[in-house]
Protein chains: 2
Amino acid sequence: MHRDDIRGALRDIPLENVQINSEFWSKYMDLAIDRVIPYQWDALNDNLADTEPSCAIKNLRIAAGLEEGEFYGMVFQDSDIAKWLEAVAYSLIVRPDETLEKLADSVIDLLEKAQLADGYLNTYYIVKEPGKRWTNLWECHELYCAGHLIEAAVAYNKATGKSKFLEIMSRFADHIDSVFGPEQGKLKGYPGHQEIELALVKLYRATGESRYLRLASFFIDERGKDPYYFDIEYEKRGGKNHWGDRHPSGSRDYNQYHRPVRDQKKAVGHAVRAVYMYTAMADIAAETKDEQLLEVCRKLWNNIVTKQMYITGGIGSTRHGEAFTFDYDLPNETVYQETCASIGLIFFANRMLAIEKNSMYADVIEQALYNSVLSGMALDGESFFYVNPMEVWPEASEKNPDRSHIKSVRQKWYSCACCPPNIARLLTSLGSYIYSSSHDAIYIHQYIGGEAKFNINGADITLMQETQYPWDGTIKVKVKGADENRFSLCLRRPAWSRQVELYINGEESSVGSRIKDGYIYVDRTWNDGDTVEMRLHMTPELMHANPESRHNAGKAVIQMGPLVFCLEEFDNCKNLPQISIPHNTKLQAVYDNSLLGGGMIVKCQGYRTNEDSWGKELYRPIQVDEKSFCIKAIPYFMWGNREKGEMLVWIRQKR
Amino acid sequence: MHRDDIRGALRDIPLENVQINSEFWSKYMDLAIDRVIPYQWDALNDNLADTEPSCAIKNLRIAAGLEEGEFYGMVFQDSDIAKWLEAVAYSLIVRPDETLEKLADSVIDLLEKAQLADGYLNTYYIVKEPGKRWTNLWECHELYCAGHLIEAAVAYNKATGKSKFLEIMSRFADHIDSVFGPEQGKLKGYPGHQEIELALVKLYRATGESRYLRLASFFIDERGKDPYYFDIEYEKRGGKNHWGDRHPSGSRDYNQYHRPVRDQKKAVGHAVRAVYMYTAMADIAAETKDEQLLEVCRKLWNNIVTKQMYITGGIGSTRHGEAFTFDYDLPNETVYQETCASIGLIFFANRMLAIEKNSMYADVIEQALYNSVLSGMALDGESFFYVNPMEVWPEASEKNPDRSHIKSVRQKWYSCACCPPNIARLLTSLGSYIYSSSHDAIYIHQYIGGEAKFNINGADITLMQETQYPWDGTIKVKVKGADENRFSLCLRRPAWSRQVELYINGEESSVGSRIKDGYIYVDRTWNDGDTVEMRLHMTPELMHANPESRHNAGKAVIQMGPLVFCLEEFDNCKNLPQISIPHNTKLQAVYDNSLLGGGMIVKCQGYRTNEDSWGKELYRPIQVDEKSFCIKAIPYFMWGNREKGEMLVWIRQKR
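K.L.:
Please set out the overall build of chain A residue by residue, giving values where relevant.
P.N.:
Within chain A, the secondary structure is distributed over 18 helices and 24 strands. Computed over its C-alpha atoms, the radius of gyration of chain A comes to 25 Å, within 12% of the 26 Å expected for a compact globule of 655 residues. On the principal axes, the C-alpha backbone points of chain A span a range of 75 × 75 × 50 Å. Intrachain contacts of chain A at a sequence separation of at least 6 include 70% that bridge at least 24 residues. Accessible area for chain A stands at about 22,800 Å²; split by element, carbon and sulfur atoms hold 46% of it. Each charge sign in chain A was given a centre, from 76 positive and 91 negative side chains, and these centres are 3 Å apart.

So, in structure tokens, the structure goes:
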């Protein structure tokens, strides 16, 4: 399908056209395929020993009439099946697996059997509350689950070419379209947890059916109108809730319906809901050439990345509502920074990038990917963080309830299992975040080794990318299959890059004039075997935060390339806050093979309080007493993979 | 009554023997008498316009059969009446007032009418749940309310010589003694909120009835035995709770019954409950010469003051359960530090001081009094803090739920009105914290101008104290009425004092050899008109926190004499965390008449981040850019009396 979006938007490269061959990333993709997907399958089938049963598959079998029993689990239990199917779909593209495909087919058969004659499909309402469907959009995740199933169906269709799942979900989407919409007699509702909007755009793109795009737009534009749908629905239900007994009006920000979407200027409320919605808004703006909606997306984007984003690319400043708070409020002790929110931010960035060809979007994808997303999973792929801490004092996590959400050790699995499958689907679809193209250009957004196929003005071009990123800043690109083809090869110059050199077929070429919106445009006539080499000077440096972010006053972060570094007790003894780092210290980066399978370590000379001079007194007159100390920092994403202990990202700066 | 307590404990001076004449304190006592007591009377009678009704008096009238209606308010509503009566009692000693006394008498008449024939007295159970008394000690505050009423009755008896109230409460205490105790058939319970234990010791001291002391000891020693009384009671109730539906076993720490009291080594749980209990334990240890129990008190004391106390003398590191957390966990952003807890700590310190003659107890009384207690009330006596913040960012209090308990402005009144009346009773009884005596010594614990009468070995001695404390460290004491009487006059040398001079009848005398356990012992034969002058050099200094308290790493506090200082936005512009203070800066203290009726200001040269050099970027490479800045600090207790704005106690230190 070819469309002309806003200002000639970029095309995604089909996942099957991208082959990743990266020492760094292949390992993660293998973990997702070999560990997370099978583990999640066991979870869905209640085959995990010390974990609360999921019953997701059981619920589906009951709904399909194949088993007797009662619905068990959360009202959004179906979404776990959906995320698993979506991850499976991407994994089948990356690495075909007949057995796995058969397994997925069997689940799709169950979905088909469970689907009602009118297209409706949701195990909670089919099994537990028949007749109550669409009565509690505010709390009950029906449209959310539908959205995830639609995403999975689209992915599965792309992966296998099979149409059954897509047809099931199209029927459900048709049903939803018959229930919701601007027409008289239809419900003027919208989801309590946004997700279906972006899924409907995907379904539109996969099927060409414009009703799905219109329905997505309807959900966006209806949202936040006064009188509020959730209030009306609440009254209709007689004030009965699924969770607790609050009135919806108390927390409109939480679900981003506090005002019409087009009037929203700041990111508020539940971070995952927010970025899923912004993602759909960008999609819709692109598809409908809606400049006004795009401008809203830009405002929200700017608000997040210039005022509400942790340096690790994470979002969510409070556990209460897993939410944004307000501009420059980035507390480190009580951070939330949910893994899923970072992933959602990547979705949003990815959609904006498709529209705007500006490296700032790809920069944030990189920032989140290499830091707050990867931190969400242990290096062995077997345990996960929901909350990604910025500093850890294990005793405080255990004994101070204000910090009980900050876990010092990753958990095996959760009863609300959103983050692990979200990581799985992101890693298995990583290939779609690396490149995009227009009719006369190929963009390289992410530096991940491998091969990708493009069609540029009818010519089949293959790019081979070779790099040791993120450990090294040299990226070699070889163009294959070109024959006097003119196009631009556009390489993102990362925001962290202070110095860069460019070599075209081995000859140095100036960069300055080639830069546009953060990309180095190499515009020339290409032939088979041509090479471009970009050398990003990658040295560790200290970063500061905007002084408006009060929590980081007088503190600095070690960063090298895309990686944020942190201190762990393991390398620096306990009581990390007593360490200080001189602004002009010499940071030395060394790749260490013995660090958890290999990784960069940054060392430098710093100081720490001389604790020996203290007795039992809690306070005493000032007495400067510090000793020299060798600071050792490791990449943030690697933390928490050795012994339980303290961790610290923002280090006190000594001036 | 004369008793020989553990190692010749000190005697309290009757409140009526102490007359306060202090520019600093008289103002506060007047506020308590002229503002808080009448305001609270209006509250108890539902005569406040924009405040939730209290119905405390109404409940009492209903219980007394004088009015029809239903019980309204909290299960502990009676305690508000008790605290009011207690404050009234002290105020009648400080400043007799016939009208107020009549008003109090009328309330006491109501109490008499409400009291049941068997002595029972609690409006909630009489009016709302007759027949259910003593079924939920864990949650329902029956013994707590009884305790406050007993305290009030003892105070009222001392103030007026009238015995009616004391008799009412003795009857109730007798009834309680018939219900609880080690004897067969009696309940083996103890209060969910400790308070009656310390009250029973007061009642014992007032009446000489040793059963009350035994009952207090029983409550202490029964507490925390396994099987747990609250579990048994919960089962008996059929698992029904007054609040929520948790099982008591989930939060034993909260009420300090997680283990037998004598096995407790660290302060845990709800801070007010804890210090009220420790107060009673010290009282009982003194009365029963129980060295083992005293040792437990010492351990708990040490744990608090060397590991869990804010520099302002406040306690409580989390809002969750208004509780202690663990050693060295003193977060500034999420502090609780309830005013009532500081007051309870003063009670505990006061009892330990009576036993141990060690200045550390009086030091903590001073520290809490001049900082976290006074901070609890506005300078006009009309609004109050429950939570005493260590740093305030008003927008964070409003928009980040993790900090919603940190109010940036004092509140008029609360539905749970514990702190204002607690301040009132402390201020009106301030006279009892200044001195104590033994058979051959007079101790001056607090430096508060006025006059006090003592009987030392049969001789009537009057001390006249003159000082501008806390603004100035000179204290002049004149001895009146002595005639060749030998005794020690013992002046506390405060922990903050670095240099001190002593003048006896105008002649300098060395201090060194006179010091014992923090007191300067002036042991001599005294005659009428003898004077002692102590000059404590009072200069501002910077204080550090023990490095184990991670939240204060690299930070310093300005302190001068007993006063902790803080920065306010009003004097220092917004974004206080960007200010840093050099360790060797010259601190200059100036008394400023224009500061809120007069107060000390500390100024010094510091730095602040040059915010002008920042654009919209959230993070950027380090770039040291600071400008010189004149820091202006005011006493912590005065904060929040001008415009709403930021406040900061711990200042980043620049080295």
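Don't stop here, the text continues.
K.L.:
Explain the side chain of A:S432 to me, using residue names and the numbers behind them.
P.N.:
Residues and elements named next belong to chain A. Within the secondary structure layout, S432 lies in the loop between α17 (419-428) and β4 (435-438). Among the polar contacts listed, one links the side chain of S432 to the backbone oxygen of S429, at a separation of 2.5 Å. For S432, the contacting residues outside a window of four places in its chain are L15 and N350.

K.L.:
Mind laying out the pairing of strand β14 (residues 531-536) of chain A, listing which residues take part and the relevant values?
P.N.:
Remark: a regular strand shows side chains that alternate across the two faces of the sheet. Pairing analysis gives 5 bridges linking strand β8 (residues 474-480) of chain A to β14(A), with the strands arranged antiparallel. Bridge assignment links A:K476 to a residue of β14(A), and that residue is A:E533.

K.L.:
Help me get a handle on the interface of chain A and chain B, residues and values and all.
P.N.:
Facing the 67 residues of chain A at the interface are 67 residues of chain B. Interface of chain A and chain B: buried area, both sides summed, is about 5,900 Å²; carbon and sulfur atoms make up 58% of it. Broken down residue by residue, the surface that chain A buries against chain B is led by A:R550, A:Y619 and A:R655, which jointly contribute 15%. In this assembly, chain A and chain B are joined by 4 salt bridges. Where chain A packs against chain B, one counts 29 residue pairs in polar contact (both at pLDDT 80 or more). When residues of the side of chain A that touches chain B are traced back to their parent elements, those giving at least two are α13 (291-307), α16 (394-399), β15 (541-545), β21 (619-621) and β24 (651-654) of chain A. Looking at the side of chain A that touches chain B element by element, the count peaks at 5 residues for β15(A). Grouping the amino acids of the side of chain A that touches chain B by side-chain chemistry returns 25 nonpolar, 19 polar and 23 charged. Bridge analysis of β21(A) against strand β15 (residues 540-545) of chain B gives 3 bridges, and the strand direction is antiparallel. Within the sheet, the bridge partner assigned to A:P621 lies in β15(B) and is B:M543.

K.L.:
Mind laying out the environment of A:R262, listing which residues take part and the relevant values?
P.N.:
Residues and elements named next belong to chain A. Among the secondary structure elements, R262 is positioned in the loop between α11 (229-236) and α12 (271-288). Its relative accessible area of 23% is what places R262 among the partly exposed residues. In sequence terms R262 and C297 are 35 residues apart; their C-alpha atoms lie 8.9 Å from each other. At a separation of 2.8 Å, a polar atom in the side chain of R262 contacts the side chain of D290.

K.L.:
Quick rundown of the packing of aromatic side chains? Include the residues and the values.
P.N.:
Residues and elements named next belong to chain A. Taken as a whole, this structure holds 80 aromatic pairs over all chains when the rule is applied. Ring centres of Y124 and Y125 lie 5.0 Å apart, and the angle between their planes is 80 degrees; on these two criteria the pair is classed as edge-to-face. Given the relative accessible area of 4%, Y124 is considered buried. Classification of Y125 by relative accessible area gives buried; the value is 3%. What links up through ring pairs into an aromatic cluster is the set F24, W25, Y28, Y370, Y447, Y469, W471, W496, Y591 and F637. Lying over the aromatic face of Y228, R252 brings its terminal NZ or CZ to 3.7 Å of the ring centre.

K.L.:
Give me the lowdown on helix α15 (residues 359-373) of chain A, citing residues and values where you can.
P.N.:
Residues and elements named next belong to chain A. Across its 15 residues, α15 extends 19 Å between first and last C-alpha, which sits within 8% of the 21 Å expected from 1.5 Å per residue. Among the 15 residues that make up α15, 14 are buried, leaving the element largely enclosed by the rest of the structure. Two to three positions downstream of the cap, the backbone nitrogen of M360 sits 3.0 Å from a side-chain oxygen, assigning the N-cap of α15 to N358.

K.L.:
Describe the relation of the copies chain A and chain B, and please don't skip the residues or the numbers.
P.N.:
Mapping chain A onto chain B is achieved by rotating through 180 degrees and translating by 0.0 Å along the same axis, at an RMSD of 0.0 Å. A rotation of that kind, with that shift, is consistent with a two-fold axis. Looking at the rotation axis and the C-alpha trace of chain A, the residue lying nearest is A:R655, at 3.2 Å. Take the interface residues of chain A: 100% of them recur as interface residues in chain B, which is what a same-surface contact looks like.

K.L.:
Can you lay out helix α9 (residues 196-207) of chain A for me, pointing to particular residues and giving the numbers?
P.N.:
Residue and element names in this part refer to chain A. Given a rise of 1.5 Å per residue, 12 residues ought to cover 16 Å, and the 16 Å separating the end C-alpha atoms of α9 matches this to within 8%. Counting buried positions over the 12 residues of α9 gives 9, a clear majority of the element. Among the residues making up α9, those that are buried are I196, E197, L198, A199, L200, V201, K202, L203 and Y204. On the buried face of α9, the contacting elements are α3 (78-94), α7 (142-160), α8 (164-179), α10 (210-222), α12 and α14 (339-356). Two residues or fewer after α9 comes G208, characterised by a positive phi angle close to 80 degrees.

K.L.:
Outline unusual backbone geometry, supporting the account with residue identities and numerical values.
P.N.:
Residue A:P470 is reached from A:Y469 by a cis peptide bond, and omega for that bond is 0 degrees. Its location among the elements puts A:P470 in the loop between β7 (459-467) and β8. In this structure, B:Y328 takes a positive phi of about 70 degrees despite not being glycine. In this fold, B:Y328 is placed in the loop between α13 (291-307) and α14 (339-356).

Parameters at a glance
- Residues numbered from 1 in each chain as written.
- Chains lettered and ligands numbered in written order.
- Predicted model: local features only at pLDDT ≥ 70, side-chain atom pairs only at ≥ 80, totals over all residues.
- Heavy atoms only, no water.
- Helix = DSSP H or I, 4+ residues; strand = E, 2+ residues; numbered from the N terminus.
- Rg over C-alpha atoms; globule rule 2.2 N^0.38 Å.
- Contact = heavy atoms within 4.5 Å.
- Areas by Shrake-Rupley, 256 points an atom, 1.4 Å probe, with all protein chains shown as cover.
- Lys, Arg positive; Asp, Glu negative; His and termini not counted.
- Charge placed at Lys NZ, Arg CZ, Asp CG, Glu CD.
- Polar contact = N/O pair within 3.5 Å; in protein donor to acceptor, adjacent residues only side chain to side chain.
- Pairing = 2+ DSSP bridges.
- Buried area = accessible area lost by both parts, 1.4 Å probe.
- Salt bridge = Lys/Arg side-chain N within 4 Å of Asp/Glu carboxyl O.
- Nonpolar A, V, L, I, M, F, W, Y, C, P; charged D, E, K, R; others polar.
- Buried < 20%, exposed > 50% of the residue type's maximum accessible area, 1.4 Å probe, protein only.
- Phe/Tyr/Trp six-rings, centres within 6.5 Å; stacked < 30°, edge-to-face > 60°.
- Lys NZ or Arg CZ within 6 Å of the ring centre and 35° of its normal.
- Expected span 1.5 Å × (residues − 1).
- Least-squares fit on C-alpha atoms with pLDDT ≥ 70 in both.

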